[in-house]
2 protein chains.
Amino acid sequence: MFRARFLCRKGKRARTDSGNLFFQIPRIKKIMAKKASGTKKQKYVYKFGNKKADGNGKMKELLGGKGANLAEMTRIGLPVPPGFTISTDVCTYFYDHKRSYPKELQAQMEDGVRNMERVLKKKFGDENRPLLVAVRSGARDSMPGMMDTILNLGLNDKTVKALAKSSGNERFAWDCYRRFIQMYGDVVMGVQSLPGEDHEPFESMIEEYKLELFPGEPHAEDSRLDADQVKELVRRFKKLVKDRTRKSFPSDPWKQLQGAVGAVFGSWNNDRANVYRRKYGIPHEWGTAVNVQAMVFGNTGDDSGSGVAFTRDPANGEKVFYGEFLINAQGEDVVAGVRTPEPVADLKKVMPKAYAELDAIRHTLESHFTDMQDFEFTIEEGEVYMLQTRNGKRTGVAAVHIACDMVREKLIDWQTAVQRVPADQLDQLLAPIFNSKAIKKANKIAHGLPAGPGAATGQIYFNADRAVEAADKGEKVLLVRIETSPEDLRGMIASEGILTARGGVSSHAALVARQMGKVCVCGADALSIDYHDKTMTVGKLVLKEGQFVSIDGTSGNIYEGKVDTAPSEVVQVLVQKTLNPKKSKTFRDFSQLMGWCKKVTKLGVRTNADTPEQTENAVAFGASGIGLTRTEHMFFEGNRIDAVREMILADKIDDRQKALDKLLPYQREDFEGIFKALKGLPATIRLLDPPLHEFLPHDHAAQSQLADTLGVSMDLISKRVHELHEFNPMLGHRGCRLGVVYPEISAMQARAIFEAAANVQKKKKIKCRPEIMVPLVGFARELELQIEVIHRVAAEVSKEKKVKFNYLVGTMIEVPRGALTADEIAKHAQFFSFGTNDLTQTTLGMSRDDSGTFLPAYQEVEIVKSNPFASVDQDGVGQLMEIATAKGRSTRPEIKLGICGEHGGDPSSVGFCHKLGLNYVSCSPFRVPVARLAAAQAALEDAPAPRAKTAKKAVKKTVKAKAAKKAVKKTAKKAVKKKSRK
Amino acid sequence: MFRARFLCRKGKRARTDSGNLFFQIPRIKKIMAKKASGTKKQKYVYKFGNKKADGNGKMKELLGGKGANLAEMTRIGLPVPPGFTISTDVCTYFYDHKRSYPKELQAQMEDGVRNMERVLKKKFGDENRPLLVAVRSGARDSMPGMMDTILNLGLNDKTVKALAKSSGNERFAWDCYRRFIQMYGDVVMGVQSLPGEDHEPFESMIEEYKLELFPGEPHAEDSRLDADQVKELVRRFKKLVKDRTRKSFPSDPWKQLQGAVGAVFGSWNNDRANVYRRKYGIPHEWGTAVNVQAMVFGNTGDDSGSGVAFTRDPANGEKVFYGEFLINAQGEDVVAGVRTPEPVADLKKVMPKAYAELDAIRHTLESHFTDMQDFEFTIEEGEVYMLQTRNGKRTGVAAVHIACDMVREKLIDWQTAVQRVPADQLDQLLAPIFNSKAIKKANKIAHGLPAGPGAATGQIYFNADRAVEAADKGEKVLLVRIETSPEDLRGMIASEGILTARGGVSSHAALVARQMGKVCVCGADALSIDYHDKTMTVGKLVLKEGQFVSIDGTSGNIYEGKVDTAPSEVVQVLVQKTLNPKKSKTFRDFSQLMGWCKKVTKLGVRTNADTPEQTENAVAFGASGIGLTRTEHMFFEGNRIDAVREMILADKIDDRQKALDKLLPYQREDFEGIFKALKGLPATIRLLDPPLHEFLPHDHAAQSQLADTLGVSMDLISKRVHELHEFNPMLGHRGCRLGVVYPEISAMQARAIFEAAANVQKKKKIKCRPEIMVPLVGFARELELQIEVIHRVAAEVSKEKKVKFNYLVGTMIEVPRGALTADEIAKHAQFFSFGTNDLTQTTLGMSRDDSGTFLPAYQEVEIVKSNPFASVDQDGVGQLMEIATAKGRSTRPEIKLGICGEHGGDPSSVGFCHKLGLNYVSCSPFRVPVARLAAAQAALEDAPAPRAKTAKKAVKKTVKAKAAKKAVKKTAKKAVKKKSRK
């Protein structure tokens, strides 16, 4: 698992649309023939080697990431094979000038090669000591596997013999030559599979030849070919190139080099790279650099090898030398997975000198780059060479530990540490995890969408009631549903995790799971779930109720059977309070990080919480209040659903009032619990939002049972269910539209809130700060009418209980009309909270629940870059948020602004909210730390801590500005003078 | 019917929240006591009488509509009882100064009264010739019945005797006094029913007294009371006032007058008036005027009477004297409906002199006011008096005839004629109508929403197939459904009219009905429809399949049995071509009006049409092309639905392609028909829009039949139906989302369009101008991808058929994101068409189909002024349209802009589109004339024909602007001089 994730970054070598890319040699030659004279020469080629380099690590824009770091490593004395980088300026020139080159380039490249020759005492194309080179791309940001690479360049029928001689290994030399022709033929000369050919033509040729040699052995290994047989392959390869391209394979190393450089620049514009750039927002104008570097060989024998290593453990952040290597292999062999690499620690035994040198390099790299590095090395006949270094990717857990350790080691300051941890990975510290050994042995049966991070294992149940029963018996339960609805809530609470066959990362299951911090995998469409037979089928595997299944909500993987899990230490300390904080390194670093965040954050982070327990958790995680309490979630608990249904079935206002009177004490109790848990922090409480039919049972049996319970006729119930049916419930009779038509419902809820506040203030001496939120407002008058009800009730309760209330009334902005008329609405609203879930649905005209059928295709063809229900669609929804913010402030400058959609826990959305200048974001309790980190990062990005350079720049700017002002004044004076002269 | 509609405009006399309104006499007296001296007196009171008047007909702002016209009638020599108008300025003052009056008022009122006294030779409060007055409100716009009126003011225990003497009728005099006390007691002194009292206290007292006099006769008529008995009533009334208010009834006429004026001003602010003003958008600041006018009595004997008349027939526009009168009655008796009034023509026999005088007045009024007038008159002892005149309300038919006649009579110019016809009433000229005699006898059983204007009668069927069968047999059919769906289309086509129990004026039934010009009444919730029993129940009446029902789609009325209808003459001429245009006066005036419209209109009017027939009709009505062809409507016709279903059920692209290949010829044929019908006009064709599940059958039987037809398993069908089910289909996988996921569908449709265009161009030599419209675009890239497909297909067909195409590709703007990112989208779109149906649903977050449960309440509490699905919500949806228009033009200045929602046929929305500067609106064929008229009116309003005054103003403006420029230049020069001095 781990190997695959961290070492495959090269990806498979790619095919190229070479037709376009073929190098125009005659033209280039012409250009190169002209000597540049008279004009100031621009520098295009940056040499490195022998501890000197033209470039340095800060020149990533010009030299690409790889090139800049090769220069930097050379400068600080690390053993880097010499070479040179052709700058990204050449790439720009190449595309601006019909794929031609600046005239200075050839001479500078020649100078670069001469330098390598001098350092290595070899010569390009020499028949005795030939210089061989690798040509690699290197963009500003790493684009793994997207562009082309050529190795062993410089080999031809003559130099191959010299290589054979110098290495003392004829087969090795010819195999290098064979590989070179294959790579070059494919990438530069465009020898690729024709329509109808299943395999790459060079590979087919090898297979064919092996079958000639070893008939009846279809899978004979390449290693059985001897030197002469490899020679024969080289001959056949050259013939293939000639047959397919009608051109001979070039033997002149300069021609080879020109071809390779052209192919690399050309590959910047291949489909694959274009797609990648669009996906990651890399501008086309950046271009790529090209690195030409002397070859070193890890495959010359048992005193050679190649490896990939990290300066610290990227999985857990420990400060150990971490990585893998292969003896007698080239770098690509380590990645390809044909042979299994060994842990880098074993190198100590095999090549103690090389190990010691690498370990020293590791420390040098870290202290120099002040970040964890991921580097590639090759050992050629005992000599260590560095081929690449870059900042290493790491898990969230590792990121936190490394950042905190490095501050302690004084490598970085705390601001840098805050910016180093990817915010959305922080919840890895909170999620339960699979026991690492157990998971390796587990049988993965399917894959779904990772919807609630963490690991869960339990017995499967397909029905909420059965799940609750089982949990009551002490079973660990996994609730498995085609999709979930509010009726499943109790079952979800009782379960370790939730698994659904339908629904996206914002489906009910996912939403509630994240809300409750439950593990969840959803939309696993390979699962076929049969409620009647109580089975879940995947292919031929049939799992029955009660059997064990395990799910990984971080990866989306689903496993058969029980897999052991462990709870996160942070949760053990803060929530379960079963772990001494001093005993947990994870907690120490987590709380260290949160402490730093607190220093810089401007944006408040509240929580979406519906119960005292959730509220307590969120406050433990640092929430500054509740940003959203959904009162309707409370309607499903216990017996109160009966009163809710009675209310819905009531025909007359009197009957409805009776039912509401029954609900009042329940709601009051809920709010009392929440106010107590908040200990004086504010609570945004949303009035009833979902359409009433969501509360009625849908199947006949449940309806019949309800008829019995309430003592009404079955007819009445089915009539009301029918009446309440909606074609588009999302756009139906819900939100404040309920409160407008049935003001008595709003009045009951307001009364429950104020009575609870009165009780808690009087009995517990805890201040209560309710912020009552009216949902789905599109017209100012809707809010006006609801506010009248709320103020009236507040005044009543205040008089009855002899208590003063400190409360606000505001609204959600969740339909476009609300945003567009925010100036009118703000005349009534003391706060806005952006309900970005619904605002996204209405702005895009896209149902969250139904988008699963086309959203994946939309991401594929790049209509959307990310799921708009996970990350705020800044161009569309964001525009409405900006409009609403500006309009709202135009009529009420002090208006409080927040966001309470699921987006409140998404780092990029949090950053956007910071930019908008909102007062707070609100997210589910377990996302609070993520949002706090994202908010801190946004604040740091906005106003970076003053550093020497920045300060200097600022001074310069001011000076410039003053100068500009002076200039303007002068011109103005002149103008006046001129006029007065007239 | 007619009487009720046109004469009830007074409404019932209203109750007042008198607590607030009570006149503060002491304060007023104080103010009045002070003589205004030294300051320039403002004029508050405008006298009229004896052919002289301070005011005139143009002073409606200051004097209200009634006051201004009383002055105007006086000026032109009509017999108006003298009086004065207290201006609206006093109302403003009244509310700005805590319900007090300007100090000048009392003196001016006194002057007004003196003037009346002079003219009539009577005296206010005099015991011999007392002046009696009426006090009436009169706002700028008529607000019928909203404010208070007091008659017979000036009566007291002494003056009543004089009235008895002068009229020679003691009972009449005391009854006037009785009425006065009752009115004044209610309106000014606030004697109204207390909680628990069922009846108005004065009325109760009369009933009580009659029971004393005539025991056992509970319904004895008031007329049986003799003079002494009325006197007794007056005594009891005064006691009631004293008991209830602890104040004596005022006997001083001045006190009475002050009280009445205060009550009228106060009534400007009563709940009723406030609601009315909010509803009709009348600003509170306007205020009301108060008219004090000498009483004339129509109830002094058989040579007296009162009436209400029109200068032309308001129902059909004929130039005849039209109206009603009652002998020996006051104006309110005519309206109250206790006695049945007689036609005004009969007055000729009874009082020939008065009739001749009124007929002359009628002509004077018309030639003076140049519009049809609605006036009130009273005849007192043979003398005619005019009490009011105003522009008369009329039917659409009458409006057209009157406007055209008046142009012919040279009373008005054609521009005025165009502005005189209410655009939304124009389709009355196109709708079939009930035979006027038949409808009077019909039994009205229920009422629904008027959704497709006109009259229809037929046998009821509850199922589309049964309706088609019956129609095939030659029956006149009325399709009755709980609600309709696309599956009912054939049944709707076969029917005379459509009646539904659910759904609003924009429901599927209503939409399709208007589209097809069918009569429709929808949302008649009193109907209980049982598909199984094939019955429709209203109360106790059960109607079975096959029984006759008639519906009036203009009024929403539903009648039992058959009621004869007649087709509109315009339709007979233009569509059916069964009537010689020269024989129809209606057609002559209709086409006259349309001709005038053509002269001024800037905004094009296109049509929404799905068939050649609809297209032809629309072109006959003057459409300039098609603005929307919904290709999916074609999917339901004939056998093609099978191919559509095959396409939907296809699992593999090959199978889908096969089904699409079957559909291609059908679609091509459809488009050929449309191109031919258009004769070179452009056609906007929308690609497939609805979600696929709309095409699959929903019930088991139909699914099973489909399985047989297609030879697939029932399982497959029910699986696919299940897969395609959506929670919110409106926001689901539809519009261009279908084309993005299945580009082959878009390709088929594009091919059908281009092949059809090629065929029609080649074979028929008719130019084709397809404008292909991609629906539901929210992201520029969606459109980009679909355009690629369309251009590719166009190029293919162009090559195959050797034809060049003149086509455009554009998009609907129907989700907020499309509007917000219109600049990006316009880079690809050659035109935008606002799909305001869906744009309203998404912007408001309100489902058209589900809004019926709360939208009526929303109109009641004035959250919305009109149904946003009928008239564009300009503050919300309109804002997005403005944004999209501006952004779209920012990247493509020449972009073509239109609207194709149902709003395209709504006059106020058409006006809005004109203001936005759209190129065209598009509406259903039968709404084309309405939209053309509305567009012409918008153009006239925008740039009124140059008239003397306007021209003068314009010159003044220019002069002012020049002066302003000069001033600026001067200042600038000065500034320069100042500087140069420094």
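Quantities reported herein were computed from a predicted structural model and do not represent experimental measurements.

With respect to the confidence of the model for chain A
Residues and elements named next belong to chain A. For chain A, per-residue confidence averages 88 on the pLDDT scale, and residues scoring 70 or more make up 90% of the total. Below pLDDT 50 for its whole length, residues 1-38 participates in 76 contacts with residues either more than four positions away or in separate chains. Contacts of residues 978-982 to residues separated by more than four positions or lying in other chains number three contacts, the stretch itself having pLDDT below 50.

Here's the deal with the interface of chain B and chain A
Residue-level contacts link 53 residues of chain B with 53 residues of chain A. Across the chain B/chain A interface, buried area totals approximately 4700 Å², and carbon plus sulfur atoms make up 60% of it. Put simply, the parts of the chain that give the side of chain B that touches chain A at least two residues each are helix H29 (736-741), helix H31 (780-801), helix H32 (816-820), helix H34 (836-844), helix H35 (855-860), helix H36 (877-891) and helix H39 (948-981) of chain B. The residue makeup of the side of chain B that touches chain A, split by class, is 23 nonpolar, 15 polar and 15 charged.

Some words on the side chain of Thr586(B)
For Thr586(B), the position within the fold is in helix H23 (residues 585-600). Setting aside residues no more than four positions away along its own chain, Thr586(B) makes contact with His401(B), Leu429(B), Glu569(B) and Val570(B).

Thoughts on the pattern of salt bridges
All names here are of chain A. On inspection of all chains with the given rule, the structure shows 111 salt bridges over all chains. Of the charged contacts in the structure, one is a salt bridge between Asp54 and Lys43, with a shortest N-O distance of 3.0 Å. Highlighted residues: Asp54 in the loop between strand S2 (52-53) and helix H4 (60-75) and Lys43 in the loop between helix H3 (25-33) and strand S1 (45-49), separated in sequence by 11 residues. The exposure class of Lys43 is partly exposed, given its relative accessible area of 36%. Note that Glu212 and Arg236 form a salt bridge whose closest N and O atoms lie 2.8 Å from each other. Within this pair, whereas Glu212 is found in helix H9 (residues 201-213), its partner Arg236 is found in helix H10 (residues 227-245), the two being separated by 24 residues in sequence. For Glu212, a relative accessible area of 47% puts it in the partly exposed group. Its relative accessible area of 17% is what places Arg236 among the buried residues. Residues participating in the shared-partner salt-bridge network are Arg668, Arg751, Glu755, Arg792, Glu796 and Glu800.

Things to note about the relation of the copies chain B and chain A
For these two chains of identical sequence, chain B goes onto chain A by a turn of 180 degrees and a shift of 0.1 Å along the axis, with RMSD 0.2 Å. Taken together, the turn and the small shift mark the pair as related by a two-fold rotation axis. In this assembly the copies share their binding face: 100% of the residues contributing to the interface of chain B also contribute to that of chain A.

Brief notes about unusual backbone geometry
Residues and elements named next belong to chain B. You will see that Arg99, though not glycine, has its phi angle at about 60 degrees, which is positive. Structurally, the position occupied by Arg99 is in the loop between helix H5 (88-96) and helix H6 (105-120). A positive phi is found at Glu381, a non-glycine position, where the angle reads about 45 degrees. Checked against the element boundaries, Glu381 lands in the loop between strand S12 (373-380) and strand S13 (383-391). For Glu381, a relative accessible area of 44% gives the class partly exposed.

Considering a positive patch on the surface
Together, Lys676(A), Lys762(A), Lys763(A), Lys764(A), Lys765(A) and Lys802(A) make up a positively charged patch on the protein surface. Here the positive patch takes three residues from helix H30 (residues 743-764) of chain A, the largest share from any one element.

Quick look at the packing of aromatic side chains
Tallying each qualifying case throughout the model produces 44 aromatic pairs over all chains. Between Phe321(B) and Tyr355(B) the ring centres are 5.6 Å apart and the planes differ by 40 degrees, which places this aromatic pair in the tilted class. One end of the pair, Phe321(B), is in the loop between strand S9 (305-310) and strand S10 (322-327); the other, Tyr355(B), is in helix H15 (residues 352-369), and 34 residues separate them in sequence. One aromatic cluster is present, built from ring pairs that chain together Phe94(A), Tyr95(A), Tyr101(A) and Phe265(A).

Brief notes about the packing of helix H5 (residues 88-96) of chain A against helix H11 (residues 253-267) of chain A
All names here are of chain A. Orientation of H5 relative to H11, taken along the N-to-C sense of each, is 80 degrees, at an axis distance of 10 Å. In this view, H5 runs roughly perpendicular relative to H11, as classed from their interaxial angle. Contacts between H5 and H11 involve Val90, Cys91, Phe94 and Tyr95 from the first element and Gly262, Phe265 and Gly266 from the second. The class makeup of the residues in the contact of H5 with H11 is five nonpolar, two polar and no charged.

Details of helix H38 (residues 928-942) of chain A
An ideal rise of 1.5 Å per residue puts 21 Å on 15 residues; H38(A) measures up with 21 Å between its terminal C-alpha atoms. In terms of burial, H38(A) is a largely internal element, 13 of the 15 residues being buried.

Remarks on helix H15 (residues 352-369) of chain A
Residues and elements named next belong to chain A. Between the first and last C-alpha of H15 there are 25 Å, a value that for 18 residues agrees with the 26 Å anticipated at 1.5 Å per step. The elements touched by buried residues of H15 are H4, strand S9 (305-310), helix H14 (347-350), strand S12 (373-380), strand S13 (383-391) and helix H16 (396-408). Downstream of H15 by a residue or two, Thr370 has a phi angle that is positive, lying close to 45 degrees.

Focus on the sheet that holds strand S33 (residues 896-899) of chain A
Residue and element names in this part refer to chain A. Ordered in space as S27-S28-S29-S30-S31-S32-S33-S34, the eight strands form a closed barrel in which the pairing is parallel. The mean angle between the axes of side-by-side strands here comes to 30 degrees, regardless of whether they run parallel or antiparallel. Two elements, strand S32 (residues 831-834) and S33, share four bridges in a ladder whose sense is parallel. Within S33, the position partnered with Phe832 by the bridge is Leu897. Across the face of the sheet, helix H31 (residues 780-801) comes into contact with strand S30 (769-774) and strand S31 (808-813) while running at roughly 150 degrees to S31.

Section: the pairing of strand S20 (residues 519-522) of chain B
Residues and elements named next belong to chain B. Burial of S20 is two-sided: the residues Val519 and Val521 facing one way and the residues Cys520 and Cys522 facing the other way are all buried. Sheet topology note: the strand S19 (residues 497-500)/S20 ladder contains three bridges and is parallel. Bridge pairing in S20 places Gly497 opposite Val519.

Overview of the sheet that holds strand S24 (residues 548-552) of chain A
Each strand in a sheet pairs with its neighbour through backbone hydrogen bonds, running either in the same direction (parallel) or in the opposite one (antiparallel). All names here are of chain A. Pairing is mixed in the open sheet, where eight strands are placed in the order S15-S25-S24-S17-S18-S19-S20-S16. For this open sheet the edge positions go to strand S15 (443-447) and strand S16 (449-452), each flanked by a neighbour on one side alone. Direction aside, the axes of adjacent strands within the sheet are offset by 30 degrees on average. For strand S18 (residues 477-481) and strand S19 (residues 497-500), the ladder comprises four bridges, and the chain directions are parallel. Opposite Val480, over in S19, you have Leu499 as the bridge partner. The strands touched by helix H19 (residues 464-472) are strand S17 (455-461) and S18; relative to S18, the strand with the most contacts, the crossing angle is about 175 degrees.

Rules used throughout
- Residues numbered from 1 in each chain as written.
- Chains lettered and ligands numbered in written order.
- Predicted model: local features only at pLDDT ≥ 70, side-chain atom pairs only at ≥ 80, totals over all residues.
- Heavy atoms only, no water.
- pLDDT = per-residue confidence, 0-100.
- Contact = heavy atoms within 4.5 Å.
- Buried area = accessible area lost by both parts, 1.4 Å probe.
- Helix = DSSP H or I, 4+ residues; strand = E, 2+ residues; numbered from the N terminus.
- Nonpolar A, V, L, I, M, F, W, Y, C, P; charged D, E, K, R; others polar.
- Salt bridge = Lys/Arg side-chain N within 4 Å of Asp/Glu carboxyl O.
- Buried < 20%, exposed > 50% of the residue type's maximum accessible area, 1.4 Å probe, protein only.
- Least-squares fit on C-alpha atoms with pLDDT ≥ 70 in both.
- Patch = residues over 30% accessible without salt bridge, like charges linked within 9 Å, V, L, I, M, F, W, Y side chains within 5 Å.
- Areas by Shrake-Rupley, 256 points an atom, 1.4 Å probe, with all protein chains shown as cover.
- Lys, Arg positive; Asp, Glu negative; His and termini not counted.
- Charge placed at Lys NZ, Arg CZ, Asp CG, Glu CD.
- Phe/Tyr/Trp six-rings, centres within 6.5 Å; stacked < 30°, edge-to-face > 60°.
- Axes fitted to C-alpha atoms, helices over the stretch in contact; angles between N-to-C directions.
- Parallel < 35°, antiparallel > 145°, perpendicular 65-115°, else oblique.
- Expected span 1.5 Å × (residues − 1).
- Pairing = 2+ DSSP bridges.

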